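Residue strings, one per chain:
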Amino acid sequence: MSNMTVQDLPAVTTTPCTPGCRCSANEDELFAGSERAYDIVFKGTIDFFAVKAATDLGLFEAMGDGVHELNALAEATGTVPMRLEKFLITLKEIGLARLVEGGWALTPFAVQFFTDPEHHRNLTMVPFVDYISSLVQTFYVNLADVVRGTMDFTSLVPYPPRTREDNVFYETIHRSNVHFPIRMLREHAKMEGITRLLDVGGGIGDISSALCEAFPELNVTLINLPSAVDLVSENVASRGLAERITPLALDMYKEPYPQTQAVMFARILYPMNEQFSTMMLKKAFDALEPGGRVFILDMVISDPQKPNYDYLTHYICSIGMGFSVLEFKDHALYTKVLEGIGFTDVTMNAAYDHVLYQAVKP
């Protein structure tokens, strides 16, 4: 290899592609495809592993409070100044750092999504960084073997979670991106006259808490696993809502739901196939009083122009599972499903990459 010359390289041909080949059909399309291909191979790699390195170095924490001189940052993070400078330039190029009066600071974007997760807890990426990194090392790099059937998916933390620690892991992740779902519900959910709501699989209670704060007459029963109800109680108590939000340990798939005026599935049904979704909605119908309302808040996962990578990170794990109800379901089927069960007055709102379906039990 060391003696190879330009003449030794394979010849590049300009032979046109066969008729109908997309790569020669349209130059604009080809250029757009080239950009997408570069993003797949290079952009994702740099974006994620730069964030992972900055997290491991404690750089986001060190820079979170303002402008810092390079040598001071190097000392705080245990790094080599010349190498750190190149890394900061890389972070600047991808929109995470900026030069300010000879020093370095984070961009507002980086502050929001990669610092102070407790403050930004409903809109932060911090909990995902180590989680995705671990999946990369233990699963994604072996995905070919998974598809071959020689390796299965093994969850990093047991699921369903069994202990308090297991639940802290999952609930911290699940609460980290509910800012816009909460906004969606506050703006579009028809909550007038509803005083009793059943929140099915309601996580740690952030969504229910936000609704209670917006609708003073509302009281919520929140279904979660037995090992998670203490976390729910602690969270709602810290927000002064312990008297209005009651956690209930119940198997939301098998057990009947208590009677109520409204049932909410907030980002619960979106990954489930039509059969499973229908079963859950029938349980809601049976629990509702006449005139009661069902709310279905879903992530959009079936837009062909905008892949949902949040969902894909979970769906791809199902390749290594013996059984999974995950599928790419078009949310438009809800109208047929709801009306087939007996609901009426079906409406749909779309915003923030989510949809909100609402319907009434006659």
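Right above here is the structure, for reference.
Caption draft 1: How the structure looks around the side chain of Asp206. Within the secondary structure layout, Asp206 lies in helix 10 (residues 206–214). You can call Asp206 buried: its relative accessible area is 3%. Sequence-distant contacts of Asp206, defined by excluding residues within four places in its chain, comprise Arg121, Asn122, Arg175, Val178, Ile182, Asn235 and Arg239.

Caption draft 2: Geometry of the packing of aromatic side chains. Enumeration over the complete set of coordinates arrives at 18 aromatic pairs. Taking the centre distance of 5.4 Å and the plane angle of 35 degrees together, the rings of Tyr38 and Phe42 count as tilted. Within this pair, Tyr38 and its partner Phe42 are both found in helix 1 (residues 27–57), separated by four residues, close to a single helical turn. Taking the relative accessible area as the measure of exposure, Tyr38 reaches 52% and is therefore exposed.

Caption draft 3: The arrangement of helix 6 (residues 126–138) in detail. Among the residues of helix 6, those classed as buried are Pro127, Phe128, Val129, Tyr131, Ile132, Ser133, Leu135 and Val136. Those residues of helix 6 that are buried lie in contact with helix 1, helix 5 (108–114), helix 8 (164–175) and helix 13 (309–315).

Caption draft 4: Fine view of the packing of helix 3 (residues 70–77) against helix 4 (residues 81–93). For the pair helix 3 and helix 4, interaxial distance at closest approach is 9 Å and the crossing angle is 105 degrees. Classified by the angle their axes make, helix 3 and helix 4 are roughly perpendicular. For the pair formed by helix 3 and helix 4, the contact residues are Leu70, Asn71, Leu73, Ala74 and Thr77 on the first element and Pro81, Leu84, Glu85 and Leu88 on the second. Of the residues in the contact of helix 3 with helix 4, the class split is six nonpolar, two polar and one charged.

Caption draft 5: Inspection of a nonpolar patch on the surface at higher detail. A contiguous nonpolar surface patch, about 440 Å² in accessible area, is contributed by Tyr38, Ile40, Val41 and Phe42. Take Val41: it is sitting in helix 1. Judged by relative accessible area, Val41 falls into the partly exposed class, the value being 49%.

Caption draft 6: Highlighting the sheet that holds strand 3 (residues 196–200). Reading across from one edge, 5-4-3-6-7-9-8 is the order of the seven strands in this open sheet, with mixed pairing throughout. Every interior strand has two partners, whereas the edge strands, strand 5 (245–249) and strand 8 (344–351), have only one. Averaged over all pairs of adjacent strands, the angle between their axes in this sheet comes to 20 degrees, without regard to strand direction. With five bridges connecting them, strand 4 (residues 219–224) and strand 5 associate as parallel partners. From the neighbouring strand, Ile223 faces strand 5, where its bridge partner is Leu248. Packing of helix 9 (residues 179–188) onto the sheet brings it into contact with strand 6 (260–266), strand 7 (288–299), strand 8 and strand 9 (354–360), and relative to strand 9 it is tilted by some 40 degrees.

About the criteria used
- Residues numbered from 1 in each chain as written.
- Predicted model: local features only at pLDDT ≥ 70, side-chain atom pairs only at ≥ 80, totals over all residues.
- Heavy atoms only, no water.
- Helix = DSSP H or I, 4+ residues; strand = E, 2+ residues; numbered from the N terminus.
- Buried < 20%, exposed > 50% of the residue type's maximum accessible area, 1.4 Å probe, protein only.
- Contact = heavy atoms within 4.5 Å.
- Phe/Tyr/Trp six-rings, centres within 6.5 Å; stacked < 30°, edge-to-face > 60°.
- Axes fitted to C-alpha atoms, helices over the stretch in contact; angles between N-to-C directions.
- Parallel < 35°, antiparallel > 145°, perpendicular 65-115°, else oblique.
- Nonpolar A, V, L, I, M, F, W, Y, C, P; charged D, E, K, R; others polar.
- Patch = residues over 30% accessible without salt bridge, like charges linked within 9 Å, V, L, I, M, F, W, Y side chains within 5 Å.
- Areas by Shrake-Rupley, 256 points an atom, 1.4 Å probe, with all protein chains shown as cover.
- Salt bridge = Lys/Arg side-chain N within 4 Å of Asp/Glu carboxyl O.
- Pairing = 2+ DSSP bridges.

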